[in-house]
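Each chain is listed here by its residues.
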Amino acid sequence: MKIIEIEGGRQLKGTIRVSGAKNATVALIPAAILTDEEATICNVPEITDTEALCDILKMLKVQINRSTESIIINPKDMNNIEITEKFSKKLRASYYFMGALLGKYKKAVMYFPGGCSIGARPIDLHLKGFEALGATVRNEKNKYIVEAKELKGANIYLDIASVGATINIMLAAVKAKGTTIIDNAAKEPEIVNVATFLNSMGAKITGAGTSTIKIVGVDYLHQCFHEVIPDRIEAGSYIIMGALCGNPLKIDNVIPEHIDPLLSKLEEMGVNLEIGSDYVIVLGSNKNLKATNIKTAVYPGFPTDLQQPFTVLLTQANGKSKVTETIWENRFMHIPYLKDLGADIEVKSQTATIIGPNPLIGTQVVATDLRAGAAMVAAGLLAEGKTTITNAEHILRGYEQIIEKLTAVGAKINIKEI
Ligand code: EPZ
């Protein structure tokens, strides 16, 4: 197990550069197998989720050439074999191989994906989408066999604007015969990034970023060059850390529109920000923050992935704040540990009520999932004394070089294996 230790109470000063978006990268890597030629993807973060997907590529005999920040994927000699549980359960995004393999070979065999335990996380909408395209889905003891004689374009309405289902259906439909329309599609920037990637390979996708996506099937996808967008959740996490301890802290390589709801909430609370075209500077931590309420929602609403780190900031606001989580039914696992650190929080159903400000004092806490881990880091940076975060491997799934980045701006933080 990995543990992170933080000596809190230090000011963060300098610049943190944001890496490529995890949730785009984890779809782009499986999507790259849809061509038989080389796909070059730049700005790929070195995180363990990327490594886990590269392990699946290797298992499928896809050639990969990884250098700092970029990856060249060449699937010309690949084999479509079963993706075993050992590989599928390392991360949630392994499910994108279902759509990509189905789109390419009309057959995918893989086990149920893994990922953070933040809810039941069913994949029924993905599977219904595959069926609408003409595939049959069999489930044998946690193993999914999805196959089709032919994939045909269809009109698909998603009951929930699911990020994963939207991308997976795009991957399966890109080479189907005819036109597919996805209605009530998710609109997250990562979806736009994946559609841009597929289009640069020759796909015909329009409407990504809106709730109706149109995919006109093509026979052939060719080589391409693509850049991953900056990670809006990583950016938001560091901006929140800046609001807690920055003096001043610049977060560079940001697309501010992607984090509008966060920036508006911070301004409402009284955090002093300078927002540039591709950066955000937290000018200093304000000791007189106003309490506020947030409710997570699909894009462009307040992102669920920033809910946990944002809760840490609310522990420092004056008065009563409320956090309502609407996407995941089990995303309050960080709360007991924030209470151990000294926060005053009560959870009822899907709403947490936070009374602040309360000083945080370092103690031993757990990174129960990726963003809970980011919340613990944020809390540890602020807390007086030493915070020890166990299960820190969760954090490395989504934050490239987090120790190095925070150390460079003045944090006293280290990671070790025990
Ligand atoms: C993506 O998960 C992200 N993961 C999550 O980020 C993020 O929290 C989530 O989108 C919402 O923004 C990746 O991109 C790899 P959904 P995904 O399908 O695609 C329900 C992080 O911390 N649903 O949009 O799995 C589901 O249970 C992670 O980086 C169904 O009911 O999320 C949830 O309540 C965690 N059936 C809601 O929809 C389905 O078939 C939204 O899920 C699919 C989803």
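What you see is a predicted model, and the numbers here were worked out from it, not measured in a lab. (Residues numbered from 1 in each chain as written. Predicted model: local features only at pLDDT ≥ 70, side-chain atom pairs only at ≥ 80, totals over all residues. Heavy atoms only, no water.)

Chemist: Now, about the overall build of the protein chain: what can you tell me, with residues and values included?
Modeler: Secondary structure assignment for the protein chain yields 14 helices and 23 strands. For a compact globule of 418 residues, the expected C-alpha radius of gyration is about 22 Å, and the protein chain comes in at 21 Å, within 12% of that figure. With respect to the three principal axes, the spread of C-alpha positions in the protein chain is 60 × 45 × 40 Å. For the protein chain, the proportion of its 418 residues judged to be buried stands at 58%. Here the analysis covers contacts within the protein chain between residues at least 6 apart in sequence; of these, 72% occur between residues at least 24 apart. By element, 49% of the accessible surface of the protein chain is carried by carbon and sulfur atoms, the whole surface being about 15,800 Å². If you average the places of the 45 positive and of the 45 negative side-chain charges in the protein chain, the two averages end up 3 Å apart. (Helix = DSSP H or I, 4+ residues; strand = E, 2+ residues; numbered from the N terminus. Rg over C-alpha atoms; globule rule 2.2 N^0.38 Å. Buried < 20%, exposed > 50% of the residue type's maximum accessible area, 1.4 Å probe, protein only. Contact = heavy atoms within 4.5 Å. Areas by Shrake-Rupley, 256 points an atom, 1.4 Å probe, with all protein chains shown as cover. Lys, Arg positive; Asp, Glu negative; His and termini not counted. Charge placed at Lys NZ, Arg CZ, Asp CG, Glu CD.)

Chemist: Lay out the nonpolar core in plain terms, naming residues and giving numbers.
Modeler: Core analysis: the biggest nonpolar cluster contains 78 residues, and Phe97, Met170, Phe197 and Leu198 have the highest contact counts within it. The biggest single contributor to this core is helix H6 (residues 163-173), with seven residues. Residues within four places of leucine 198 in sequence aside, it is in contact with Ala31, Leu34, Met170, Leu171, Val174, Ala203, Ile205 and Leu221. Residues Val18, Leu306, Ala378 and Ala411 belong to the second largest nonpolar core, which totals 70 residues. (Core = buried A, V, L, I, M, F, W, Y, C linked by side-chain atoms within 4.5 Å.)

Chemist: Provide a residue-level description of the pairing of strand E6 (residues 107-111), including the pertinent values.
Modeler: The side chains of a regular strand alternate, residue by residue, between the two faces of the sheet. Along E6, four of the five residues are buried, which leaves the element largely enclosed by surrounding structure. Pairing of E6 with strand E8 (residues 143-147) involves five bridges; the strand directions are antiparallel. Looking at the pairing, methionine 110 lines up with tyrosine 144 of E8. (Pairing = 2+ DSSP bridges.)

Chemist: Can you explain the site of the ligand? Please cite residues and give values.
Modeler: Taken together, 23 residues lie near the ligand, and Asp124, Ser162, Asp305, Ile327 and Arg371 sit nearest. Aspartate 124 places a side-chain nitrogen or oxygen 2.7 Å from a nitrogen atom of the ligand. Between the ligand and tryptophan 328, the relevant distance is 3.0 Å, taken from an oxygen atom to a side-chain nitrogen or oxygen of the residue. Contact with the protein chains covers 90% of the free accessible surface of the ligand, which is 820 Å². With respect to the pocket detection grid, the ligand is positioned in the largest pocket. Put simply, the parts of the chain that give the shell around the ligand at least two residues each are helix H1 (22-31), helix H5 (124-132), H6, helix H10 (304-314) and helix H12 (370-382). Looking at the shell around the ligand residue by residue, the classes come out as eleven nonpolar, five polar and seven charged. Two domains each put at least three residues into the shell around the ligand: domain 1 (2-19 + 230-417) and domain 2 (22-227). (Near = heavy atom within 4 Å. Polar contact = N/O pair within 3.5 Å; in protein donor to acceptor, adjacent residues only side chain to side chain. 1 Å grid on protein atoms, 1.4 Å probe; cavity = no way out; pocket = protein on both sides within 12 Å on 5 of 7 lines; lining within 4 Å. Sits in = over half its atoms within 2 Å of the grid points. Nonpolar A, V, L, I, M, F, W, Y, C, P; charged D, E, K, R; others polar. Domains from an automatic or database assignment.)

Chemist: Go over the pattern of salt bridges, please, and point to the residues and values.
Modeler: A side chain with one charge can pair with a side chain of the opposite charge if their charged atoms come near. Tallied over the full model, the rule gives 19 salt bridges. Where lysine 22 meets aspartate 49, a salt bridge forms, and the shortest distance between an N and an O atom there is 3.8 Å. Of this pair, lysine 22 sits in helix H1 while aspartate 49 sits in helix H2 (residues 48-59), and the two are 27 residues apart along the sequence. Each member of the pair, lysine 22 as well as aspartate 49, carries the same accessibility label: buried. (Salt bridge = Lys/Arg side-chain N within 4 Å of Asp/Glu carboxyl O.)

Chemist: Please set out the sheet that holds strand E18 (residues 319-324) residue by residue, giving values where relevant.
Modeler: Overall, mixed pairing links the four strands, which are arranged E17-E18-E20-E19 in an open sheet. The two strands at the open ends of the sheet, each matched to only one other strand, are strand E17 (293-295) and strand E19 (344-348). The average undirected angle you get between the axes of adjacent strands in this sheet is 15°. Where E17 and E18 come together, three bridges link them in parallel fashion. (Axes fitted to C-alpha atoms, helices over the stretch in contact; angles between N-to-C directions.)

Chemist: Now, about the environment of threonine 196: what can you tell me, with residues and values included?
Modeler: Mapped onto the fold, threonine 196 is located in helix H7 (residues 189-200). Through-space distance from the C-alpha of threonine 196 to that of glutamate 227 is 9.6 Å; in sequence the pair is 31 residues apart.

Chemist: Can you break down the layout of surface pockets residue by residue, with the values?
Modeler: Looking at the largest pocket, its volume works out to about 960 Å³. Considering the residues around the largest pocket, the lining is formed by 42 residues, among which Arg121, Val163, Gly164, Ile327 and Trp328 are closest to the centre. Looking at the lining of the largest pocket, the elements that each hand over two or more residues are H1, H5, H6, helix H8 (232-245), H10 and H12. Considering only residue class, the lining of the largest pocket consists of 22 nonpolar, seven polar and 13 charged. In terms of domain composition, the lining of the largest pocket takes at least three residues from each of domain 1 (2-19 + 230-417) and domain 2 (22-227). (Points joined across faces, edges and corners; volume = space filled by probe spheres on them.)

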